[in-house]
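Remarks on the overall topology
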Amino acid sequence: MDLFPYRTRKNQRAIMDTINKILNFEEDFIFESGTGSGKTICTLASTLSFALKNNKKIIYTTRTNAQQRQVIVELRQIRKKIEKNRDKIFGLGIQGRANMCILARNNPDYVKGTSDELSKLCSNEKKKVRSNNKQDGCIYFRRFIEDKIKVDKTLDWIKNELPTAEETIEYCEKYQICPYELNKLLVKDASIVVVPYVYVFENMIRNMLFDWLSVDEKDVILIVDEAHNLPDYVRDLFSIQLSVWMLQNCVIESDKYGNPTLIKDDLTVSDFCKILIDIVRDLRDTYVNNIFENGIIRNNLDKEDAFIPTNEFETEIISRLKTTSKKFYDIISDLIAYGEKIQEYKQKKGKLPRSYIHKLGVFLEFWNNLEDNKYVKLIVDSSEGKNPRIEAYCLDPSIVNYVIKKFYSSIHMSGTLEPLEEYRDSMGLSIDSELVSYPSPYSNENRKILYVSDVTTKYEEILKDKEIIERMKIYISKICTIFPKNTMVFFPSFNYLSKFKRDFNFENLNRNFYFEEQKMSQSALMEIVNEFKSSGLEEGKCATLFSVMGGRISEGMNFPAEQLEIALIVGIPYPKPTAKQRGLQRYYELKFGKGWEYTVEAPTARKLLQSIGRLIRDEKDKGIAVIMDKRANRFKKYIKDLHETNDLINDIELFMNKNF
Ligand code: SF4
């Protein structure tokens, strides 16, 4: 409490008390507290207070850079509160090398590098600087080791200002000093380090961070922000893919670098890769494109993935090569060795040390050794035949629970984490973990959530009743024309959004409108978001933004006050019934007996709540959300204040008259 910089609001004292209690007992805490309820500052203030008294450090991990910024901004507020002892509060925002390496940021070849490639590149650049050749190597590292005055000045500036990672990068770019190296120096002085998830859950990167910190995990408290993202993040981090595109790049690379032979003289790397391309395409033809029913094979155009039998890929390779398992392992070792030679060569030439052949060797090694019970093996074709791939998809995010258990205590929080048991079970956290779901601190008067029952996005019903889509369009048109308020329309996917875009009459809206697009750059996205926001703030103006649930806008952006007052949710964002999804559901059914609840219902409810959550960011905010799908009533246990309306326009009008 002594570090909390604001007047406490509802639930905040309770959150801080619980954090204090669990830290005293070295336990784990999983909690949900609505968006805008101030959970970041509560968690920061109480954890920091404990850490300073008990000589612990904090790793605060976030999914996005925007969340990281928010933590640093709150840390500055804490510092202001204890002005006399301000130096005690020092925290550092660290991002990956792709953002912090100035050399990479300014080179179009390097900027595409993975963390591993950039790490190799950086070692080599530093070696060149140390080799005494004044002209060679990274200039930002040279300045870092040669200009002590500038380095000291920058270190003082960082300690004094508590900049965000972006501000540090900007400052360092101006003075031509490597921010990554500066952070390495500073990190051991920080009580709190704010990092992306990868710094905690990727083994090599975590080991590096702990080397810099020079502390044991047992002396560090872990905070996971927006924790509802973590299970999927871990699944993706531990999943691997091999696509036809990548194999074609292996062929190009092998042809360019001498096309060496493998095991026998008549099999070159390029021949081997072409055999793999054929196998991937044949698997696609067998399992994705065709359905065998009643003794007849027919094409299935709707399917995008399918399971492949556990050993089918490797058995097919061995059989087509007419070789043995032992020789197949020799091939993998050779691929890795050739790939390393290519990486070294490129590095010497000052290029990004990327080798597709190396990636192929690493993939095959991983594929052959993975724990089958935690993975499903898939053949996927989501690009209409252009680039099929095989994939080993990790089903079990508790694969990282040994990492979390090493920490002194861990705190996992989100605005949408219910059911908390699902998160605890998925991540394999202790059954004794403290689980609390805090009620919304805001008055129900300010927010209304309605649903209508005469529309749905359920495929079978749309086929039966052609009027459903028309009714939805009428609802959207009417709401946008009758109520001059900034409105967002969320669709279940980009596919739905583009279908809607094709035949909706936008002229009727009589206001500005914007679309989120899947491949939009971050800056282009921010441009439309900012234009949308400013429409809401201008007297007599308003706009509509068409977006998707589970996207960058619905999961991570704030729209306080007039920036957003109506949220229209088109349909229920159930996951697509792909083989991957079915594998996940089956795994959770076998492990917990809750396949549907944990893998379909709960993630869908979170997407709905995240979109609705854009409306209310503080106690003064007001807004109305409408779910346009009769199936919304299935989510009443997650969306407590959900009500059906039989007269939507009238009910919105009543709410508006009462609140605006
Ligand atoms: S020293 Fe810094 S700027 Fe230079 S290559 Fe390494 S990370 Fe990049």
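Refer to the structure printed above.
Residues numbered from 1 in each chain as written. Predicted model: local features only at pLDDT ≥ 70, side-chain atom pairs only at ≥ 80, totals over all residues.

Observations concerning the overall build of the protein chain
- A count of helical and extended segments in the protein chain gives 28 helices and 22 strands.
- A compact globule built from 660 residues should have a C-alpha radius of gyration of about 26 Å, and the protein chain, at 27 Å, falls within 12% of that.
- Summarising its shape, the C-alpha atoms of the protein chain cover approximately 80 × 80 × 50 Å along the three principal directions.
- Counting the 660 residues in the protein chain, one finds 41% classified as buried.
- Expressed as a percentage of contacts within the protein chain between residues at least 6 apart in sequence, the contacts between residues at least 24 apart total 74%. (Helix = DSSP H or I, 4+ residues; strand = E, 2+ residues; numbered from the N terminus. Rg over C-alpha atoms; globule rule 2.2 N^0.38 Å. Buried ≥ 20, exposed ≤ 12 C-beta atoms within 10 Å, placed from the backbone. Contact = placed C-beta atoms within 7 Å.)

Some remarks on the pairing of strand β17 (residues 487-491)
- Judged by how many residues are buried, β17 sits mostly within the fold: five of five residues are covered.
- Every second residue of β17 is oriented toward a common face, with Thr487, Val489 and Phe491 on one face and Met488 and Phe490 on the other, all of them buried.
- Two elements, β17 and strand β19 (residues 543-548), share five bridges in a ladder whose sense is parallel. The partner of Met488 across the bridge, within β19, is Leu545.
- Two strands pair when backbone bridges link them, and β17 and strand β20 (residues 566-570) are joined in this way by four bridges, in the parallel orientation. Note that in β20 the partner of Phe490 across the bridge is Ile569. (Pairing = 2+ DSSP bridges.)

Considering the packing of helix α8 (residues 148-161) against helix α9 (residues 165-175)
- Here α8 crosses α9 at 160°, and the two axes come no closer than 11 Å. Between α8 and α9, the angle falls in the class roughly antiparallel. When the axes of α8 and α9 are compared, the crossing they make is right-handed. On the side of α8, the interface is formed by Lys150, Thr154, Trp157 and Ile158, while α9 contributes Thr168, Tyr171, Cys172 and Tyr175.
- Its residues placed into classes, the contact of α8 with α9 shows five nonpolar, two polar and one charged. (Axes fitted to C-alpha atoms, helices over the stretch in contact; angles between N-to-C directions. Parallel < 35°, antiparallel > 145°, perpendicular 65-115°, else oblique. Left-handed = near helix turned anticlockwise from the far one by under 90°. Nonpolar A, V, L, I, M, F, W, Y, C, P; charged D, E, K, R; others polar.)

Some remarks on the sheet that holds β20
- One open sheet accounts for seven strands, arranged β18-β19-β17-β20-β21-β16-β22; its pairing is parallel. Whereas interior strands pair on both sides, the edge strands pair on one side only; in this sheet they are β18 (512-515) and β22 (642-644). The mean angle between the axes of side-by-side strands here comes to 20°, regardless of whether they run parallel or antiparallel.
- Sheet topology places β18 next to β19; four bridges connect them, and they run parallel. Residue pairing for β19: Phe515 is matched across the bridge by Phe546.
- The strands touched by helix α27 (residues 595-612) within the sheet are β16 (447-452), β17, β20 and β21 (623-628), with β20 carrying the most contacts at an inclination of about 155°.

Side note on the environment of Thr324
- Within the secondary structure, Thr324 sits in the loop between α16 (312-321) and α17 (325-348).
- Residue Thr324 is classed as exposed on the basis of its C-beta count, with 11 C-beta atoms lying within 10 Å.
- Sequence separation between Thr324 and Val234 is 90 residues; the distance between their C-alpha atoms is 34 Å.

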